[in-house]
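# Structure assessment
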There are 2 protein chains.
Amino acid sequence: MNYKEQLRQDCQQVEDWLRNCFRGRDPHADLYDAMQYSLLAGGKRLRPVLLLETCRMCGGEADKVLPFACAIEMLHTYSLIHDDLPAMDNDDLRRGRPTNHKVYGEATAILAGDALLTAAFETMLEQGGDLPPERVLAAAACLGRAAGARGMVGGQALDMAGEGHALSLSDVEELQRLKTGALIAAAVEMGCILAGGSADDRAAVVRYAQKLGLAFQIRDDMLDVAGDEQTLGKPIGSDAENEKTTFVTLKGLERCQELVEELTGEAQQALSPFGEAAGFLCWLAGELVGRSN
Amino acid sequence: MNYKEQLRQDCQQVEDWLRNCFRGRDPHADLYDAMQYSLLAGGKRLRPVLLLETCRMCGGEADKVLPFACAIEMLHTYSLIHDDLPAMDNDDLRRGRPTNHKVYGEATAILAGDALLTAAFETMLEQGGDLPPERVLAAAACLGRAAGARGMVGGQALDMAGEGHALSLSDVEELQRLKTGALIAAAVEMGCILAGGSADDRAAVVRYAQKLGLAFQIRDDMLDVAGDEQTLGKPIGSDAENEKTTFVTLKGLERCQELVEELTGEAQQALSPFGEAAGFLCWLAGELVGRSN
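Residues numbered from 1 in each chain as written. Chains lettered and ligands numbered in written order. Predicted model: local features only at pLDDT ≥ 70, side-chain atom pairs only at ≥ 80, totals over all residues. Heavy atoms only, no water.

## Here we look at the overall build of chain A
Under the convention used in this document: Runs of E in the DSSP output that reach at least two residues are strands. Runs of H or I that reach at least four are helices, and both are numbered from the N terminus. Taken over C-alpha atoms, the radius of gyration is set against a globule rule of 2.2 Å times the number of residues to the power 0.38. The cut-offs for exposure are 20% and 50% of the maximum accessible area for each residue type, with area from a 1.4 Å probe on protein chains only; residues under the lower value are buried, those over the upper are exposed, and the others partly exposed. The criterion used for residue contact is that any of the two residues' heavy atoms lie within 4.5 Å. A 1.4 Å probe and the Shrake-Rupley method give the accessible areas. Residues count as covered only by the protein chains that appear here. In this charge count, Lys and Arg are treated as positive and Asp and Glu as negative; neither His nor the chain ends contribute. For the purpose of locating charges, the reference atoms are NZ of Lys, CZ of Arg, CG of Asp and CD of Glu.
Regarding its fold elements, chain A presents 15 helices and 2 strands. Compactness check: chain A gives a C-alpha radius of gyration of 18 Å against a globular reference of 19 Å for 293 residues, within 12% of the reference. Expressed along its principal axes, the backbone C-alpha trace of chain A runs to roughly 50 × 50 × 35 Å. By the burial criterion, 58% of the 293 residues in chain A qualify as buried. Considering only contacts within chain A whose residues lie at least 6 apart along the sequence, 74% involve residues at least 24 apart. Of the roughly 11400 Å² of accessible surface on chain A, 46% is carried by carbon and sulfur atoms. Looking at charge distribution, chain A has the averaged site of its 28 positive side-chain charges lying 3 Å from that of its 45 negative ones.

In structure tokens form, the structure reads like this:
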């Protein structure tokens, strides 16, 4: 099976699981509709794929950790819903569709985010199956650290505080490390933990994810300046509009592309201890260098 | 030690733990300030006390489960911050002080809520100490179920959807069961799980909490009509203003007081299998009957 087909299969498994995860629940007003609207809005499913494939690379069974992969996507989705709110980035479009609060109203969008965040933990804690409980605990704790005030939420707070101010390169790097890097690193670390990987394995996959996450963010900043609105599914230029300092404003487009390529090479290098088993994750890093959405 | 002194000591332990739990963290803009502003704003600490004392009654060590007691208070606090937001109940005062978004702005209030919700799970998953991992998982999963779309968040969604509509008694009961009852039931169930209580023990303490939670909500509805603003720390009459159907609008004040007393008796009765060990929790239920804040 080639890597492209493997990626397609991973994504399909994630889609199927997410599509069914709230089936049979009593409806509470629009709440589940709003949760599913954003959860099933497409997206690259990067974080779940990273978790599944890291687990596989570290010798674990990807099938057994699918609920954890989907939990991280629930958590990612909640963060997008809340980030889009009028009090935050005030975005009207996401992935080519109206944002959650545009469809369901602010109150329901806030609650849908809260419910998805909670559902991420519920899922991990309830669906560990026959995995050792110590691994389930360690993986869920890893996601908790990455998602909270020491990670993603802390990054969003810095991001909001930084609008309209000039930031240094190290400020922007710190912001990226928290806001997007923490969750990407958690995805691979959780995959490794759930597979029973060693401390050295964990260090290697986290190094991969840190490089990959930074490359991913720089590419994101580039697309906000030079991307195609149709392909992106959202208007470009929002960073400039919100007066955000980004890697592009600090370094320029050309140097950013070089950086993305350097970082991608370093990410691939970090996985050398895994030899051939790292094939997919190295390929995936390469695919993201030139992505256009 | 009398019960009043025991309650004071439990509350003091919770206050001390909450006051120190984010110490030494890097500040991210106003985020931790906003989290602590609401977390340390007083309050009855009912849920943590229920967890600690149920654990004790079921033969567990209260000291070991203090982080879980505080986690549930973090979760309760997040729900208050989000409920007060302009898009939700739009409240300006809480416990005699301006609400979170009035002080820190909407964006930070949303993020402080998100961070406290996440911190509740982080705390449980990281600070289980030498408790058996199966119990830690089961207790955290219990809180997840109670807090999410099947519990508290689902209740808040129903509450928002119900404003301005006439609700039946069974609608109002369902709303209470989800919005406030689920978390109160989770507090005692978690205490029992962490102590290693039997399935019968769990059923009994949950029955206690269901009766107590309903009595608590009816009393809340009564205070919103007939309470003293100074003692409550918030304006009365907000239910009427938001055109909410409550136990008082359905049953009247006099019948509500009778119901509170009946339910309190049933709550106490539910703990009869525990004999003298249930002394504190029976006393606590009695204390809540006549509370004025």
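This is not the end of the story, as more comes after the structure.
## Observations regarding the relation of the copies chain A and chain B
Rules: Our superposition of the copies is a least-squares fit, built on the C-alpha atoms of residues whose pLDDT is at least 70 in both.
Mapping chain A onto chain B calls for a screw motion: a turn of 180° about the axis and a shift of 0.0 Å along it, with 0.0 Å RMSD after fitting. Expressed as a symmetry operation, the mapping of one chain copy onto the other fits a two-fold axis. Using C-alpha coordinates, one finds that chain A approaches the rotation axis most closely at Pro133(A), a distance of 3.0 Å. When the interface residues of chain A are mapped onto chain B, 100% of them again lie at the interface, so the same face is used by both copies.

## Re the interface of chain A and chain B
So the rule is basically this: The quantity reported as buried area is the accessible area (1.4 Å probe) lost by two parts once they are put together, taken as the sum for both. Here, a salt bridge means any side-chain nitrogen of Lys or Arg that lies within 4 Å of a carboxyl oxygen of Asp or Glu. Pairing of N or O atoms within 3.5 Å defines a polar contact, subject to two protein rules: one partner must be a possible hydrogen donor and the other a possible acceptor, and residues neighboring in sequence count only if both atoms are side-chain atoms.
Across the contact, 44 residues belong to chain A and 44 residues belong to chain B. Roughly 3800 Å² of surface becomes buried between chain A and chain B when both sides are summed, with 73% attributable to carbon and sulfur atoms. Where chain A packs against chain B, one counts 6 salt bridges. For Arg145(B), the salt bridge identified is with Glu126(A), shortest N-O distance 2.5 Å. For the pair chain A and chain B, the number of links is 6 residue pairs in polar contact (both at pLDDT 80 or more). Of all elements in the fold, only α2 (31-39), α4 (66-84), α6 (106-126), α7 (133-147), α8 (152-162) and α9 (169-195) of chain A reach the threshold of two or more residues within the side of chain A that touches chain B. By residue number, the principal contributor to the side of chain A that touches chain B is α6(A), which donates 12 residues.

## Brief notes about the environment of Ala195(B)
Looking at where Ala195(B) falls in the secondary structure, it is placed in helix α9 (residues 169-195). Aside from chain neighbours lying at most four places away, what touches Ala195(B) is Cys55(B), Cys58(B), Gly59(B), Gly60(B) and Arg135(B).

## What about the environment of Ala149(B)?
Relative to the helices and strands, Ala149(B) is located in the loop between α7 (133-147) and α8 (152-162). The exposure class assigned to Ala149(B) is buried, which follows from its relative accessible area of 2%. Along the backbone, Ala149(B) and Leu223(B) are 74 residues apart, and their C-alpha atoms lie at a distance of 28 Å. What Ala149(B) contacts, discounting residues up to four positions off in sequence, is His28(A), Leu31(A), Tyr32(A), Met35(A), Ala115(A) and Gly154(B).

## Details of the nonpolar core
For clarity, the threshold we go by: In these notes, a set of buried Ala, Val, Leu, Ile, Met, Phe, Trp, Tyr and Cys residues joined through side-chain atoms within 4.5 Å is what counts as a nonpolar core.
In this structure, Tyr208(A) and Tyr208(B) are the most contacted members of the largest nonpolar core, which totals 179 residues. If we skip the residues at most four places from it in the chain, Tyr208(B) touches Leu50(B), Val188(B), Ala267(B), Gln268(B), Ala270(B), Leu271(B), Leu281(B), Leu284(B) and Ala285(B).

## What about the pattern of salt bridges?
Scanning all chains against the criterion turns up 44 salt bridges over all chains. Between Glu73(A) and Arg45(A) there is a salt bridge; the shortest N-O distance is 2.8 Å. Linking Glu73(A) in helix α4 with Arg45(A) in the loop between α2 and α3 (46-57), this pair joins segments that are 28 residues apart in sequence. Overall, the relative accessible area of 1% leaves Glu73(A) in the buried class. By relative accessible area, Arg45(A) is classed as buried at 1%. The shortest N-O distance in the salt bridge between Lys102(B) and Asp92(B) comes to 3.8 Å. Residue Lys102(B) is located in helix α5 (residues 100-104), and its partner Asp92(B) is located in the loop between α4 (66-84) and β1 (93-94); the two are separated by 10 residues in the primary sequence. Looking at Asp92(B), the relative accessible area reads 43%, which means it is partly exposed.

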